[in-house]
Amino acid sequence: MPEPDRKTSGPTPTSAAATGTRLDPWFGAYAERTHGMRASEIRALFAVANRPEVVSLAGGMPYLDRLPLDVLADIAQRVVAQRGLVALQYGSGQGDPTLREQILEVMRLQGIDAHPDDVVVTTGSQQALDLVTRVFCDPGDVVVAEAPSYVGALGVFRAYQADVVHVPIDEHGLVPEALDETLTALAAAGRRAKLLYTVPNFHNPAGVSLALERRPRVLEVCRRHGVLVVEDDPYGLLGFEGDPRPALRSMDDEGVLYLGSFSKTFAPGYRVGWVVAPHAVREKLVLASESAILSPSNASQLTVSTYLQTCDWRAQIKDYREMYRERRDAMVGALAELMPTASWTVPDGGFYTWVRLPDGLDAREMLPRAVTALVAYVPGTAFYFDGRGADHMRLSFCYPTPERIREGVRRLAGVVAGESEL
Ligand code: PMP
């Protein structure tokens, strides 16, 4: 049956959207793409999950209590007192030149060699995702993405009416052969994938990383199929063992858009991220960003820039890594002891572990009962474009203390045991 024309006839009275019509007199005026934007079905539950008595293993908020707030207050004061007329003014659409130089220094830790002109500062890497999708995707275009994928990226792709085709991953990340097969099948069906969206380090939500030996192979497959790689890497410096892995961008200047962020290595509140792009793409991204926001916040950029210049940011990252490693240990230790009927990934960095529930359990159906038991998580379905994932849940170990993590897993194990008996 053809879709009713929303602009003229409006929804049928029996559809869920009819409620929207009564509540929202402008329902019929929305752009087609707006109808694809939806609040997560679990949002209401999260309002409850944020109550202090609930152990939330759901959110991905970094734990900021270790930041030197007095030093940051001093920096904020100095930025306004000494450079206020710049900090409070509009700025460059591409971002502050000094900060762009400093971003190069950060990226060098992952082997990226770029020029400051290649960098576009964004309002968090979330805006970079929006700009990249806006610049490349028409409605119906295909974005290939890991199964599962970061929920916030899926939301952007949906908002631009792109179609996401998932590619399997295993404990070593994206599987190059599966990627090749998927891209070949798409081409055979006459569909061109525009982008590969990937989180190669400490994946959100899967907690795995792309093996070093697979990196050149993924790049080779994408090059062969003419697909641009979007490397989303907010966690790359938050590894628990060894040196940071080389970024995909360090192996390919022309075929990769690299997305970085200070949200997890410093603080998300400044909303400073960036994208590194080949020259011509960079120009388009700047135009798109100027039309969206004119320029990223100078006040935030100068504050982050002064922090990088005057504080030992490497030591801060080391401190974060040690703290998150302790929390990872608490999480996997508690799972092994208290929830042995499930299985999970053991991340060597980042914020998340991806838990497979015992057979027959449904993470989405179980969530209200978990919240009643005062523990919250994100059901796996949030991380797929196509409704899969009910047998998984994402557990975050970034925010609660090790004791709270253990308590959260204890509560969750009780819920899982109760479900298994049903
Ligand atoms: N990408 C991934 C994989 C993330 O996990 C997040 C934050 N949760 C973002 C992008 C967005 O980060 P921000 O906009 O704060 O830089």
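Residues numbered from 1 in each chain as written. Predicted model: local features only at pLDDT ≥ 70, side-chain atom pairs only at ≥ 80, totals over all residues.

The name an unreviewed UniProt entry assigns to the protein is GntR family transcriptional regulator, from the organism Cellulomonas oligotrophica.

Thoughts on the nonpolar core
Counted only if it meets this: The term nonpolar core means buried Ala, Val, Leu, Ile, Met, Phe, Trp, Tyr and Cys residues held together as one set by C-beta atoms within 7 Å. Exposed residues have 12 or fewer other C-beta atoms within 10 Å of their own C-beta, buried residues have 20 or more, and partly exposed residues fall in between, where C-beta atoms are placed from the backbone. To qualify as a helix, a DSSP run of H or I must reach at least 4 residues; to qualify as a strand, a run of E must reach at least 2; elements of each kind are numbered from the N terminus. We call two residues in contact whenever the C-beta atoms placed from their backbones are within 7 Å.
In this structure, Val 143 and Val 275 are the most contacted members of the largest nonpolar core, which totals 109 residues. At seven residues, helix 11 (residues 313–338) tops the list of elements feeding residues into this core. With residues near it in sequence (within four places) discarded, Val 143 still touches Cys 137, Phe 157, Ala 162, Val 164, Ala 193, Lys 194, Leu 195 and Tyr 197.

Digging into helix 10 (residues 298–310)
This is how it is decided: What a helix is expected to span follows from its residue count: subtract one and scale by 1.5 Å.
Given a rise of 1.5 Å per residue, 13 residues ought to cover 18 Å, and the 18 Å separating the end C-alpha atoms of helix 10 matches this to within 8%. Those residues of helix 10 not exposed but buried are Asn 298, Ser 300, Gln 301, Leu 302, Thr 303, Val 304, Ser 305, Thr 306 and Tyr 307. Elements in contact with the buried residues of helix 10: helix 3 (69–87), helix 4 (97–108), strand 2 (119–122) and helix 11.

Quick word on the pairing of strand 8 (residues 256–261)
Definition in use: Being paired, for any two strands, means DSSP has found at least two bridges between them.
With six of six residues buried, strand 8 lies mostly within the body of the structure. Two elements, strand 7 (residues 228–232) and strand 8, share four bridges in a ladder whose sense is parallel. Paired with Glu 231 across the bridge in strand 8 is Tyr 258. In the sheet, strand 8 pairs with strand 9 (residues 273–276) via four bridges, with the strands oriented antiparallel. Among the inter-strand pairings, Leu 259 is bridged to a residue of strand 9, identified as Val 275.

Quick look at unusual backbone geometry
For the bond from Ala 147 to Pro 148, the omega torsion is 5 degrees, close enough to zero to count as cis. Mapping Pro 148 onto the fold places it in the loop between strand 3 (142–147) and helix 6 (151–159). You will see that Leu 374, though not glycine, has its phi angle at about 70 degrees, which is positive. Looking at the element boundaries, Leu 374 is found in the loop between helix 12 (363–372) and strand 12 (375–376). Residue class for Leu 374 comes out partly exposed when judged on the 18 C-beta atoms lying within 10 Å of it.

Some words on the sheet that holds strand 4 (residues 163–170)
The strand order 2-9-8-7-6-3-4-5 describes an open sheet built from eight strands, whose pairing is mixed. This sheet does not close on itself; its edge strands, each paired only once, are strand 2 and strand 5 (173–174).

Concerning the packing of helix 7 (residues 176–188) against helix 8 (residues 215–225)
Counted only if it meets this: An axis is simply a line fitted to the C-alpha atoms; with a helix, the fit covers only the stretch in contact. Between two such axes, the angle follows the N-to-C directions and lies from 0 to 180 degrees. For classification, angles of less than 35 degrees are called roughly parallel, those exceeding 145 degrees roughly antiparallel, those between 65 and 115 degrees roughly perpendicular, and all remaining angles oblique. Amino acids are sorted into nonpolar (Ala, Val, Leu, Ile, Met, Phe, Trp, Tyr, Cys and Pro), charged (Asp, Glu, Lys and Arg) and polar (every other residue, Gly among them).
In contact at an axis separation of 9 Å, helix 7 and helix 8 are set at 10 degrees when each is read in the N-to-C sense. Viewed along their axes, helix 7 and helix 8 adopt a mutual orientation that is roughly parallel. For the pair helix 7 and helix 8, the contacting residues are Pro 176, Leu 179, Asp 180, Leu 183 and Ala 187 in the first and Arg 217, Val 218, Val 221 and His 225 in the second. Of the residues contributing to the contact of helix 7 with helix 8, the split by class is six nonpolar, one polar and two charged.

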